[in-house]
Amino acid sequence: MIRLSNVTWRYGSPTRRAAVGRGTDTATALSNVTFSVPQGGFRWLLGPSGAGKSSLLRLLHLEALPQSGELEILGTHVGVGVKRATLARLRQRVGMVHQDFRLMPTLSISDNVALPLRLERRDEAAVADEVAAILRWVGLSERSDALPAELSGGEQQRAAIARAVIARPGVVLADEPTNALEESQSSRIVGMLREVSTLGATVIVATHNDALVRRFPAPALRLERGRLTSDESNAP
Amino acid sequence: MSEAKGRRRDGLALSRALPDRSLLAMVAAMSLLASLTYAGAVGARAVSSRWAAGAANLVTVQVPDPEKPATDTTAGSATSMGEATAHKDGVSDASSAHAAQLPASQPEKQSGSINAATPDMTRATAIEAVLQASPDTQLVHRLNASEIDRLLAPWLGAAGASALPLPAVIEVHLSRGATLSPNVIASIAKIAPGSLIERNDEWRVRLLDIARSLLACAALAILLVGAIGAAVIAMATRLGLGARRESIEILHGLGAVDGYVASRFARRVAGLSLAGGMAGTLLALPPLAGIARLMAPLSGGGALTFGTGETGFSMAEMVTVLATLWGETPPALLWGLGVVPFAAAFIGWITAQVMVRVWLRRLP
Ligand SMILES: Nc1ncnc2c1ncn2[C@@H]1O[C@H](COP(=O)(O)OP(=O)(O)OP(=O)(O)O)[C@@H](O)[C@H]1O
Ligand SMILES: [Mg+2]
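Residues numbered from 1 in each chain as written. Chains lettered and ligands numbered in written order. Predicted model: local features only at pLDDT ≥ 70, side-chain atom pairs only at ≥ 80, totals over all residues. Heavy atoms only, no water.

**Remarks on the site of ligand 1**
All names here are of chain A.
Part 1: Around ligand 1 there are 16 residues in total, and Ser-49, Gly-50, Lys-53, Ser-54 and Ser-55 lie nearest to it.
Part 2: For ligand 1, an oxygen atom lies 2.5 Å from a polar atom in the side chain of Ser-55.
Part 3: Here ligand 1, which alone exposes 630 Å², has 71% of that area covered by the protein.
Part 4: The biggest single contributor to the shell around ligand 1 is helix α2 (residues 53–60), with 4 residues.
Part 5: In terms of residue class, the shell around ligand 1 is built from 5 nonpolar, 7 polar and 4 charged. (Near = heavy atom within 4 Å. Polar contact = N/O pair within 3.5 Å; in protein donor to acceptor, adjacent residues only side chain to side chain. Areas by Shrake-Rupley, 256 points an atom, 1.4 Å probe, with all protein chains shown as cover. Helix = DSSP H or I, 4+ residues; strand = E, 2+ residues; numbered from the N terminus. Nonpolar A, V, L, I, M, F, W, Y, C, P; charged D, E, K, R; others polar.)

What follows is the structure, encoded as structure tokens:
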């Protein structure tokens, strides 16, 4: 469950400067955004370049806190004054597939995928089983010992998805997961994300691939210059 | 084991992120400094406590030309070797007025007081008798030839002492809190003008002051070394954080709590600091052992005797004392030195914890 009400967020605020970028302008990335997605819902996040899609996903991934408005993720209200430990625990329940994958370059694919479980201090035997299963699911069993740099773009994308979902998070966010991929690969990845949502996670996928959206019909959130122009939330 | 190994596979790769070798070298240098300073402080404290305990009630009397008859107060003795320093210690040329008063002020031992010094005695035995008669003294002991030899051996060699015209040296242990009465001093001056009375009390106070100042300096120096060490460790941690910025951001995004990243850094830094601290402390041992060995011949047993030098308490005597005391205090010294590596590790751990946690504040 995700719920935003009148959320406004601009870059360049002191709390954000170091982490996201060193921008000194105060461009408003999101203004008065209000919507909600039920548990298990799947949403496309659409809009032209610079509309604020990545900004919204970062906010939902708690890489920043909203400057005004209310944000609720998986039953937790996120706002100024929320404890850092609470945010960290919440982040463990929000899987994020970054546009640039953000795999650890020095770790093998299986170690990368195992990270969320190891942060939870799961038993190593269980970790090995889970990693093997999830790598089989994304079709990377053979490449488990490879380093990220030794993988193709599509393979890295699938590794990133595997890492985002291995701890069975309640929310999965994906920022243009099909950007540089050919059509069959794109369909495969979106198919996986749909599967994750049918397993109960709330999934939001940002893209400007219209063909893909047409092939996988689902409600869409449309952003334009930081404002939500269309919300098909009432659809199933 | 596999769990520990697994936990390390989190992409931080700290073994390559921190400037290991320079951190180790810097911590080792700091620990070496701290060890040497601490050893000096232990020496200073030992000196001061020893003085406070033992030397407070000790007075030494030097009698020039000890074998002259006690009554000899002619011009000849005025030019004797003790004359130049006599005034310094308040022993002026004979003052018969005090001597005359003496019996009246000696309630217990008065019968034997000044009268003990009969004309046929030598100056040294006469003074011994006067001192023994005083109610303020507990023990009066005239050093014999071999004791003087041993005292002077470090400076004069094995055979030299007996060849010189040496003054008699009388050690006087006063009763607790007592001082030599003016009457006794006057008597001594009368019997043997030019006698030198060393009241260690003044020296003790001065030495205690010096020791206290040295201790304060040492404490300050150790604090400073610790602070500089913490600053060095902080800089090294910063370098490590900078080198692993992206990995840390990824872990943070995956839900790692601050404590996880902080303890990963802290453990690594503490380990390096412990190793550096051990290296530094070990490096301090050879010079310390060398000094101890240099001092060993000077620290031979026997009573500590002060004030036998012509100019009072000399540097060389201080070394003797230090050596003797050092010989007695290895446990304290070794305990303290043993603490240094762990102190370094603790400083490393706490510094890294603080640095990482502050650094992580940039991420919400
Ligand atoms: N680090 C930053 N500092 C300042 N402004 C930023 C930063 N990142 C993005 N912006 C601005 O915020 C607005 C929204 O950017 P965002 O990346 O969310 O757009 P987007 O919809 O993801 O675009 P695209 O489709 O090109 O990825 C833009 O005006 C952008 O210039
Ligand atoms: Mg974007």
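From this point, things continue past the structure.
**Let's talk about the UniProt feature "transmembrane region" (unreviewed entry) in chain B**
All names here are of chain B.
Part 1: Taking the numbering used here, the UniProt-annotated feature "transmembrane region" (unreviewed entry) corresponds to residues 213–236, 269–289 and 332–360.
Part 2: A distance of 30 Å separates the end C-alpha atoms of residues 269–289, which is 100% helix and 0% strand.
Part 3: For residues 332–360, the helix share is 100%, the strand share is 0%, and the end-to-end C-alpha distance is 42 Å. (UniProt positions renumbered as here; feature names shortened; annotations may be inferred.)

**Brief notes about a nonpolar patch on the surface**
Residues and elements named next belong to chain B.
Part 1: Nonpolar side chains collect at one region of the surface, where Phe-346, Trp-349, Ile-350, Val-354 and Val-358 lie side by side and expose about 470 Å² of accessible area between them.
Part 2: Structurally, Phe-346 can be placed in helix α14 (residues 330–360).
Part 3: On the accessibility criterion, Phe-346 (51% relative accessible area) is exposed. (Patch = residues over 30% accessible without salt bridge, like charges linked within 9 Å, V, L, I, M, F, W, Y side chains within 5 Å. Salt bridge = Lys/Arg side-chain N within 4 Å of Asp/Glu carboxyl O. Buried < 20%, exposed > 50% of the residue type's maximum accessible area, 1.4 Å probe, protein only.)

**Notes on the sheet that holds strand β1 (residues 58–63) of chain B**
Residues and elements named next belong to chain B.
Part 1: Strand order in the open sheet made by the 4 strands is β2-β3-β1-β4, with antiparallel pairing throughout. Edge strands, defined here as strands with exactly one partner in the open sheet, are β2 (137–142) and β4 (196–199). For this sheet the average axis-to-axis angle between neighbouring strands, irrespective of direction, equals 20 degrees.
Part 2: Examined bridge by bridge, β1 and β4 share 4 bridges and lie antiparallel to one another. Note on β4: the bridge partner recorded for Thr-60 is Glu-198. (Pairing = 2+ DSSP bridges. Axes fitted to C-alpha atoms, helices over the stretch in contact; angles between N-to-C directions.)

**Considerations on the packing of aromatic side chains**
Residues and elements named next belong to chain A.
Part 1: With the rule as written, the count across this model stands at 2 aromatic pairs over all chains.
Part 2: Their ring planes at 45 degrees and their centres at 4.7 Å tell us that Trp-9 and Tyr-11 sit as a pair that is tilted.
Part 3: Pairing Phe-42 with Trp-44 gives two aromatic rings, centres 5.3 Å apart and planes at 85 degrees, and the pair type is edge-to-face.
Part 4: The residue whose ring lies beneath Arg-194 is Phe-42, and the NZ or CZ to ring-centre distance is 5.0 Å. (Phe/Tyr/Trp six-rings, centres within 6.5 Å; stacked < 30°, edge-to-face > 60°. Lys NZ or Arg CZ within 6 Å of the ring centre and 35° of its normal.)

**Structural notes on helix α6 (residues 153–165) of chain A**
Part 1: With 13 residues, α6(A) should cover 18 Å at 1.5 Å per step; its first-to-last C-alpha distance of 19 Å lies within 8% of that length.
Part 2: For α6(A), a buried count of 12 out of 13 residues is recorded, marking the element as mostly surrounded by other parts of the structure.
Part 3: Taken residue by residue, α6(A) has Gly154(A), Glu155(A), Gln156(A), Gln157(A), Arg158(A), Ala159(A), Ala160(A), Ile161(A), Ala162(A), Arg163(A), Ala164(A) and Val165(A) as its buried positions.
Part 4: Against β6 (94–97), α4 (109–119), α5 (124–138), β7 (171–175) and α7 (183–198) of chain A together with α11 (245–253) of chain B lie the buried residues of α6(A). (Expected span 1.5 Å × (residues − 1). Contact = heavy atoms within 4.5 Å.)

**Focus on the sheet that holds strand β1 (residues 2–10) of chain A**
All names here are of chain A.
Part 1: Judged by pairing direction, the sheet is antiparallel, and its 4 strands sit side by side in the order β2-β1-β4-β5 without closing on themselves. Looking at which strands have only one partner, the edges of the open sheet turn out to be β2 (28–37) and β5 (76–78). The mean inter-strand angle of the sheet, taken between neighbouring strand axes irrespective of direction, is 25 degrees.
Part 2: Sheet analysis places β1 next to strand β4 (residues 68–73), joined by 5 bridges and oriented antiparallel. Residue pairing across strands places Ile-2 opposite Ile-73, the latter belonging to β4.
Part 3: In this fold α2 packs onto β1, β2 and β4, with an angle of close to 120 degrees to the strand it touches most, β1.

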